[in-house]
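Secondary and tertiary structure notes
The residues making up each chain are set out below.
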Number of protein chains: 4
Amino acid sequence: MNETGRIEAFSDGVFAIAITLLILEIKVPHEFVAGGLGTALMHEWPSFLAFLASYFTIGVMWMNHHRLFTLIGAADDVLMGLNLLLLLGVTFIPFPTAVLAEHLTTGNDRIAGVFYAGCFFVMSIVFQVLWRYAIRKDGILLPEKIEEARAILRQYMGGPLFYLAAILIALASGTACLIWSLLVAIYFALPPRLWSRR
Amino acid sequence: MNETGRIEAFSDGVFAIAITLLILEIKVPHEFVAGGLGTALMHEWPSFLAFLASYFTIGVMWMNHHRLFTLIGAADDVLMGLNLLLLLGVTFIPFPTAVLAEHLTTGNDRIAGVFYAGCFFVMSIVFQVLWRYAIRKDGILLPEKIEEARAILRQYMGGPLFYLAAILIALASGTACLIWSLLVAIYFALPPRLWSRR
Amino acid sequence: MNETGRIEAFSDGVFAIAITLLILEIKVPHEFVAGGLGTALMHEWPSFLAFLASYFTIGVMWMNHHRLFTLIGAADDVLMGLNLLLLLGVTFIPFPTAVLAEHLTTGNDRIAGVFYAGCFFVMSIVFQVLWRYAIRKDGILLPEKIEEARAILRQYMGGPLFYLAAILIALASGTACLIWSLLVAIYFALPPRLWSRR
Amino acid sequence: MNETGRIEAFSDGVFAIAITLLILEIKVPHEFVAGGLGTALMHEWPSFLAFLASYFTIGVMWMNHHRLFTLIGAADDVLMGLNLLLLLGVTFIPFPTAVLAEHLTTGNDRIAGVFYAGCFFVMSIVFQVLWRYAIRKDGILLPEKIEEARAILRQYMGGPLFYLAAILIALASGTACLIWSLLVAIYFALPPRLWSRR
């Protein structure tokens with residue numbers, strides 16, 4: 001019985017919507033002091049950068065979510081609850097993204113960066129808990145997949161540390177925190193590092 | 001024939017979108033009287049609280065919807081109509097959520113709370129009708145699942161009462177109504193109480 | 001080969017999103033002349049009425065779309081193109097809905113109503129063309145379902161006429177047009193009339 | 001093992017949401033200089049034209065994405081990464097669409113058109129890379145489908161050239177660029193040209 005089918009469908013929906021809603025936070029420039037539309041668009045670089053960082057972070061989370069559920073044979077209610085908690089973070093991301101984009105050049109960039117990276121930090125913890133629960137609890141993972149799941153979990157260990165570093169970086173500069181977050185997402189998305197050891 | 005496949009897909013879509021649209025109601029703070037972004041974000045606590053309460057309420061409704069449809073073998077048109085009525089409530093939730101969040105500190109919190117809790121009350125009634133119809137009508141539930149469905153329905157009996165209480169609480173305080181609604185959702189989401197009797 | 005699976009998934013997504021985006025057009029009342037939030041919410045009746053009419057119209061269209069595709073065995077490219085044209089109408093609906101809701105009490109209600117009903121009229125024509133193409137073209141419908149499809153098509157004949165009437169009614173009153181559209185959707189959703197002759 | 005099921009589901013979600021969010025960029029007219037709502041709606045022709053062009057462009061991309069994945073047997077991580085890059089473009093489209101719609105009559109139409117067509121150009125390149133990777137890498141395409149994939153790829157060769165032309169046209173006129181983009185999408189959607197050679 002494919003009990004996890006609808007959990008995946010619902011999760012896919014939430015991931016897909018959250019990742020697509022990000023674009024609503026980038027506003028069309030209306031008034032230009034000088035230089036026309038081209039300059040005005042370039043001045044929106046904080047929005048583009050935040051869009052990219054959040055897009056790839058959600059995208060990589062979806063890829064990992066997808067990987068986890070290919071190993072799962074059946075879901076129990078704790079797993080559904082943990083999944084709902086993870087998706088809470090996913091639906092929330094557009095807000096800290098917009099906050100950071102808007103305040104990257106206002107002098108409030110550091111507090112905005114801490115808020116942004118803090119959200120990712122909490123989500124990476126929830127993801128860890130989800131993986132560990134799936135591994136430890138009998139009957140969740142397909143028996144022949146447990147070793148593979150353990151190997152993947154070891155690779156993900158770094159997640160919370162990377163985002164803890166992002167918080168520390170934000171204490172110095174919101175822009176640096178954003179670039180770091182983008183690099184972390186790209187690092188996790190790159191197949192050679194993360195996936196080749198399969 | 002898996003006749004319910006597309007009903008579930010469409011419903012999953014509506015649940016996933018409604019739950020994700022909630023974040024659009026939380027606005028990025030622009031102007032601060034004093035204290036910077038951190039304080040401004042903290043002043044948005046009504047939006048965060050309303051977001052959380054509505055997120056978990058929709059999430060738990062999705063979990064229950066999911067449970068119901070695992071017991072259903074085929075859908076008829078009355079069931080599709082009732083489902084459409086339930087989804088009407090789900091798509092509507094972002095509106096009372098925004099109304100309550102915005103008016104929690106304006107002196108209109110009680111009427112906003114009654115509106116908010118009233119929507120949940122109506123939805124819990126529709127959910128009851130949906131369950132009862134599925135149990136009573138021949139050919140909807142898988143025959144071997146009818147007993148399980150009856151047991152679950154007994155657990156859900158409390159739903160309308162909990163939200164009736166939420167309306168009464170709103171008459172005293174919108175904030176208390178919101179906290180109560182959040183607690184009700186968490187209570188329904190907690191596996192030990194609701195699910196362990198399987 | 002279930003070639004239509006992804007067409008249905010994509011269509012379900014579009015229907016589910018369009019129906020859920022409708023709520024974004026209802027604005028939270030901010031300033032009240034007098035009487036507080038309750039009165040302000042009641043003054044938004046045009047938005048609620050338009051929300052309901054469009055919700056049920058999209059919902060019923062989804063139900064019909066669902067019915068059609070249960071009879072279809074394989075899709076060709078003309079069918080995909082016609083489906084894309086139908087979905088164009090579905091994604092467009094939130095706009096005329098918002099236009100009519102906003103102008104129902106501004107003296108522009110009749111032109112807004114003609115616009116609103118005109119959109120539904122065009123969509124009902126596209127739906128007719130889609131059904132007829134599926135019936136006439138070899139290899140689309142499952143062979144044993146062609147008679148059933150013909151019977152359903154006869155029931156849908158009235159669709160364009162109902163919306164032509166809606167346009168005429170809008171020439172007299174936008175509100176009457178909206179109520180008529182809501183009644184048409186409910187009429188099509190009611191199982192006894194539409195579905196019992198299966 | 002249908003490993004590509006969830007990639008398709010997630011991609012379908014992103015396509016469906018991006019195509020539906022386009023409507024949010026068309027604003028309800030509020031203030032009219034003269035002539036009422038009808039005239040005001042007609043003055044929004046840039047928004048309608050941009051909506052149509054982007055709708056059909058995303059729609060056609062979805063159809064091609066769908067075609068590609070019917071030929072694919074299993075996805076590896078590079079393919080998932082390329083797919084995520086393609087979807088980045090899809091989620092981004094509502095923004096250049098809104099920029100072009102808003103600036104089509106402001107004297108900034110040419111730079112807006114270059115931005116709009118440039119996005120499509122980049123996406124058509126990514127699509128080419130995705131197809132080529134799927135064809136060249138062993139184990140992605142179903143073996144019996146490789147010839148078909150090659151034939152389709154030859155038809156798509158024109159894509160980047162068409163959008164390069166769109167950029168050049170935008171240097172003369174944003175409106176002409178928009179009409180050209182719409183024609184390109186309709187050309188790709190027309191079954192006789194593109195699909196008949198199956």
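All residue numbers refer to positions counted from 1 along the written sequence of the respective chain. Each chain takes a letter, starting from A, and each ligand takes a number, starting from 1, following the order in which they are written. Local features in this predicted model are restricted to residues of pLDDT 70 or higher, and side-chain atom pairs are both shown and tallied only at a pLDDT of 80 or more, whereas totals for entire chains, interfaces and linings draw on every residue.

1. A closer look at the overall build of chain A
Regarding its fold elements, chain A presents 10 helices and zero strands. For chain A, the α and β elements follow one another from N to C terminus as α-α-α-α-α-α-α-α-α-α. Rg of the C-alpha trace for chain A: 18 Å, near the compact-globule value of 16 Å for 198 residues, within the 12% margin. Overall, the C-alpha framework of chain A stretches about 65 × 30 × 30 Å when taken along its three principal axes. Residue burial here comes from a neighbour count, namely the number of other C-beta atoms, placed from the backbone, that lie within 10 Å of the residue's own C-beta, with 20 or more meaning buried, 12 or fewer meaning exposed, and in between meaning partly exposed. Burial analysis of chain A (198 residues in total) assigns 51% to the buried set. Our contact criterion uses C-beta atoms placed from the backbone: two residues qualify when those atoms are within 7 Å. Within chain A, contacts between residues separated by at least 24 positions form 79% of all contacts whose residues are at least 6 apart in sequence. Helix numbers and strand numbers start at the N terminus; a helix is a DSSP run of H or I with at least 4 residues, a strand a run of E with at least 2. Just to be clear, the radius of gyration here is over C-alpha atoms, and the globule rule we use is 2.2 Å times residues to the power 0.38.

2. Describing the interface of chain B and chain A
Counting residues at the interface gives 25 residues for chain B, matched by 26 residues for chain A. Counting only elements with at least two residues in the side of chain B that touches chain A, the list comes to helix H1 (5-21), helix H2 (36-42), helix H3 (45-71) and helix H10 (191-195) of chain B. The element best represented in the side of chain B that touches chain A is H1(B), accounting for nine residues. Of the residues belonging to the side of chain B that touches chain A, the class tally is 17 nonpolar, six polar and two charged. Classes in brief: Ala, Val, Leu, Ile, Met, Phe, Trp, Tyr, Cys and Pro nonpolar; Asp, Glu, Lys and Arg charged; the others, Gly included, polar.

3. Things to note about the relation of the copies chain B and chain A
Least squares is used to superpose the copies, and the fit set is the C-alpha atoms of residues whose pLDDT is at least 70 in both copies. Between the two copies, chain B and chain A, the superposition gives an RMSD of 0.0 Å; the rotation angle is 90° and the shift along the axis is 0.0 Å. Expressed as an axis order, the relation between the two copies is that of a four-fold axis. Counting the interface residues of chain B, we find that no more than 12% of their copies in chain A are interface residues as well, pointing to two distinct contact surfaces.

4. As for the interface of chain D and chain C
Each side of the interface is counted separately: chain D has 25 residues, and chain C has 26 residues. When contributions to the side of chain D that touches chain C are tallied by element, the ones reaching two or more residues are helix H1 (5-21), helix H2 (36-42), helix H3 (45-71) and helix H10 (191-195) of chain D. Top contributing element to the side of chain D that touches chain C by residue count: H1(D), with nine residues.

5. Some details on the relation of the copies chain D and chain C
The transformation that overlays chain D on chain C combines an axial shift of 0.0 Å with a rotation of 90°, and the residual RMSD is 0.0 Å. By residue overlap, the copies meet through two different surfaces: only 12% of the interface positions of chain D are interface positions in chain C.

6. Describing the packing of helix H6 (residues 109-136) of chain A against helix H9 (residues 174-189) of chain A
Each pair of packed helices gets described by two things: the angle between the helix axes and the distance between those axes. All names here are of chain A. Contact geometry of H6 with H9 gives a least axis separation of 8 Å together with a crossing angle of 25°. In terms of orientation, H6 and H9 fall into the roughly parallel class. Facing H6, whose interface residues are Asp-109, Arg-110, Ala-112, Gly-113, Tyr-116, Ala-117 and Phe-120, H9 presents Gly-174, Thr-175, Cys-177, Leu-178 and Ser-181. Of the residues contributing to the contact of H6 with H9, the split by class is six nonpolar, four polar and two charged. Axis angles are defined between N-to-C directions and span 0 to 180 degrees, where every axis is a line fitted to C-alpha atoms and, for a helix, only to the segment in contact. Each angle gets one of four labels, with under 35 degrees taken as roughly parallel, over 145 as roughly antiparallel, 65 to 115 as roughly perpendicular, and the rest as oblique.

7. Quick word on the confidence of the model for chain A
Scored from 0 to 100, pLDDT reflects the predictor's confidence in each residue. Residues with a pLDDT of 70 or more make up 92% of chain A, whose mean pLDDT is 85. Scoring the predicted complex yields pTM 0.89 and, for the interface, ipTM 0.86.

8. Regarding the environment of D:Phe162
Mapping D:Phe162 onto the fold places it in helix H8 (residues 158-170). Each C-alpha atom of the pair D:Phe162 and D:Trp180 lies 8.9 Å from the other, and the pair is 18 residues apart in sequence.

9. Re the packing of H6(A) against helix H7 (residues 146-156) of chain A
All names here are of chain A. One can describe the packing of H6 onto H7 by two numbers: an axis separation of 10 Å at closest approach and a directional angle of 160°. For the element pair H6 / H7, the angle class is roughly antiparallel. In the crossing of H6 with H7, the sense of the turn from one axis to the other is left-handed. Residues Gln-128, Trp-131, Ala-134 and Ile-135 of H6 lie in contact with H7, whose contacting residues are Ile-146, Ala-149, Arg-150, Leu-153 and Tyr-156. Classifying every residue of the contact of H6 with H7 by side-chain character gives seven nonpolar, one polar and one charged. Each crossing is labelled by how the near helix is turned from the far one, with a counterclockwise turn of less than a right angle marking it left-handed and a clockwise turn marking it right-handed.

10. With respect to the arrangement of the chains
Nothing in chain A touches chain C; the tightest C-alpha to C-alpha distance between them is still 9 Å. At their nearest point, the C-alpha atoms of chain B and chain D are still 9 Å apart, with no contact between the two.

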